[in-house]
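Fold and contact review
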Amino acid sequence: MSDSKHFQDATRLTTLGRDPAAYDGVVSLPVHRASTILFPTLADFEKSAVAPTETGRTTYGLIGTPTTFAVETAVAELEGAHGACVVPSGLAAITAALLAVLKAGDHLLITDSAYGPGRRFSNHVLKRFGVEVDYYDPLIGGDIARLFKPNTKAILTESPGSYTFEIQDIPAIAEAAHKHGALVLMDNTWATPLYYKPFAHGVDISIQAATKYMSGHSDLLAGTITFTKECEPLIRQAVRDLGISLAPDDCYLLLRGMRSMAVRLKHQERVALDLANWLATRPEVKQVLHPARPDCPGHALWKRDFTGASGLFSIILHPIEKPALAAFLDHLSIFGMGFSWGGFESLIVPCDPRPIRTASPWTEPGQLIRISVGLEHIDDLKGDLAAGFARMAAAR
Ligand SMILES: *Cc1c(COP(=O)(O)O)cnc(C)c1O
């Protein structure tokens, strides 16, 4: 559709990636399922090579289809990036981005609050291929320069952190990294491109688990990597070499989910903060970890850099025995217990950061519980948790 750069994000979400004029007026872009792309002539066949840095043209399904290019353009524009690659999962986005920027002998710094499987990949695979990996305290800010070695080439940030929600000083980390010649990668899944613009804060490569808010319906796995112009050749080459791309049907679902993202997030932001504030008043709860609340580590940075909060946060319970925890979590009627988050349905999971953290040990004795707020009414959500707390009290 027409150039939408001057529109608000909510409006751009309704226009990006559409081309009704090219498809008989059909509102949504059709799915182009393709492995084979035919060449009409020998001359066309002989021009079939598509450079990894080239986009928008395909000669084979793996390189992309019009559906792929539409979603890539939409994501890049929203996040304020030069370009984007879509891949089959959030984890694939993390691993492809790391493989793109690192080689044997390089040193990688990862936030101690990073999404666990990205850590696992770095410890298992990157180390095996000769990359040194160290972890840093998510609240380190510009002091990260202390951890730099001559071979430090990349920093994997995530703000807020998985489970524990520390907000990082990304501009300070980026300034130190760039002085040192290192690249800054950020997992921006929590804020989405709507509530944090990574490239305006010095990030070089941003990652979304589009599985979460971007798709929004718990029925799709997808990841996005967005990048600056300087990083484009690295990322596109790595994604091409790895042989990964998001299937056209999934590209379609992702774009479909994104249409309503601004409206979903507004509801989730309001209800999650309301629920978090209510939970903070409950005697069972020791602390609420929600970036929009002053008791969240790094809250001042959230206020400075973010334009909103999404619907995912944690609570720390006062210590209880396992049967009391089970009484709380079992028999909830709205909150489901399951991995992932960012969908239309509320989720709740117990988590234990202790075995993961190495640079900044997690010492809270009480159970950490992560809550993803969906699209339900606040009264029903409070009622469900209040009934759970009553079961918990009865089981003690
Ligand atoms: C879920 C998640 C991922 C991985 O996404 P998948 O699509 O499940 O692989 C990456 N980062 C964060 C912060 C996540 O929560």
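Anything mentioned here points back to the structure above.
All of the points below concern the structure found in this document. What you are looking at is a predicted structure, and each value in this text was computed from that prediction instead of being measured.

Within the open sheet, the four strands sit side by side as 8-9-11-10. Their pairing is antiparallel. This sheet does not close on itself; its edge strands, each paired only once, are strand 8 (285-289) and strand 10 (347-351). Across the sheet, the mean angle separating the axes of adjacent strands is 25 degrees when strand polarity is ignored. As judged from the five bridges shared by strand 10 and strand 11 (residues 368-372), these two strands associate in the antiparallel manner. Following the sheet pairing, Cys351 is matched in strand 11 by Leu368. Contacting strand 9 (312-317), strand 10 and strand 11, helix 12 (residues 322-329) runs over the sheet at an angle of about 165 degrees to strand 10.

Take the side chain of Ser215 next. Within the secondary structure, Ser215 sits in the loop between strand 6 (205-209) and strand 7 (223-227). For Ser215, the side chain forms a polar contact with the main-chain oxygen of Ala210, separated by 2.9 Å. A polar side-chain atom of Ser215 sits 3.1 Å from the main-chain carbonyl oxygen of Thr211. Once you skip the residues sitting within four places of it in the chain, Ser215 turns out to touch Ala210, Leu220, Leu254, Gly257 and Arg264.

In this section: the packing of aromatic side chains. In this structure the tally under the stated criterion is six aromatic pairs. Both rings, one in Tyr196 and one in Phe306, keep their centres 4.4 Å apart while their planes meet at 40 degrees; by these two values the pair is tilted. Of this pair, Tyr196 sits in the loop between helix 7 (192-195) and strand 6 while Phe306 sits in the loop between helix 11 (299-305) and strand 9, placing them 110 residues apart in sequence. Using a relative accessible area of 1% as the deciding quantity, one classes Tyr196 as buried. By relative accessible area, which is 7% here, Phe306 ends up buried. Ring centres of Tyr213 and Trp341 lie 5.5 Å apart, and the angle between their planes is 70 degrees; this geometry places the pair in the edge-to-face category. Remark: Trp341 occurs in the loop between helix 12 and strand 10 and Tyr213 occurs in the loop between strand 6 and strand 7; sequence separation between them is 128 residues. Taking the relative accessible area as the measure of exposure, Tyr213 reaches 1% and is therefore buried.

Under the criterion given, the structure shown has zero disulfides. No disulfide involves Cys251; its sulfur sits 11 Å from that of Cys85, the nearest cysteine. Among the residues examined, Cys251 registers a relative accessible area of 0% and is labelled buried.

The next thing to look at is the site of the ligand. Inspection of the region around the ligand gives 13 residues, with Gly90, Leu91, Asp187, Thr211 and Lys212 positioned closest. Between Trp341 and the ligand, the recorded distance is 3.0 Å, taken from a side-chain N or O atom to an oxygen atom. Against a free-state accessible area of 380 Å², the protein chains account for coverage of 90% of the ligand. The dominant element in the shell around the ligand, judged by the number of residues it contributes, is helix 4 (residues 90-101), at three residues.

What follows covers the pairing of strand 2 (residues 107-111). Where burial is concerned, most of strand 2 is hidden: five out of the five residues are buried. Alternating residues of strand 2 divide into His107, Leu109 and Thr111 and Leu108 and Ile110, and every residue in both groups is buried. Bridge count for strand 2 against strand 3 (residues 132-136) is five bridges, and the pairing is parallel. By the bridge assignment, Thr111 is partnered in strand 3 with Tyr136. In the classification by handedness, the crossover that spans strand 2, the intervening helix 5 (residues 116-128) and the parallel strand 3 is right-handed. Across four bridges, the pairing between strand 2 and strand 4 (residues 152-158) is parallel. Along strand 4, the bridge assignment pairs Leu109 with Ile155.

Conventions we followed
- Within each chain, residues carry numbers counting from 1 in the order of the written sequence.
- Where totals are concerned, whole chains, interfaces and linings use all residues; where local detail is concerned, this predicted model gives features only for residues with pLDDT of at least 70, and gives and counts side-chain atom pairs only at 80 or more.
- Excluding hydrogens and water, the side-chain values take into account all heavy atoms of the structure.
- Two strands qualify as a pair provided DSSP detects at least 2 bridges between them.
- A run of H or I in DSSP counts as a helix once it spans at least four residues, and a run of E counts as a strand once it spans at least two, with each numbered from the N terminus.
- Think of each axis as a best-fit line through the C-alpha atoms, taken over the contacting stretch in the case of a helix, with angles from 0 to 180 degrees between the N-to-C directions.
- The contact criterion used throughout is that any non-hydrogen atoms of two residues lie within 4.5 Å.
- Distance and chemistry together define a polar contact, namely a pair of N or O atoms within 3.5 Å, with one atom able to donate a hydrogen and the other to accept it when in protein, and with adjacent residues in sequence counting only for side-chain atoms on both sides.
- The rule is short: rings of Phe, Tyr and Trp, with Trp giving its six-membered ring, pair when the centres are within 6.5 Å, and they are stacked under 30 degrees, edge-to-face over 60, tilted in between.
- Only protein chains enter the calculation, and the probe is 1.4 Å; a residue is then buried if its accessible area is under 20% of its type maximum, exposed if over 50%, and partly exposed in between.
- Disulfides are defined in this document as cysteine sulfur pairs within 2.5 Å.
- A single heavy atom is enough: if one lies within 4 Å of a molecule or strand, its residue is considered near that molecule or strand.
- Using the Shrake-Rupley algorithm and a 1.4 Å probe, accessible areas are obtained, with residue cover drawn only from the displayed protein chains.
- By definition, the crossover connecting two strands over a helix is right-handed if that path, from the first strand to the second, turns clockwise as seen with the strands pointing away from the viewer.

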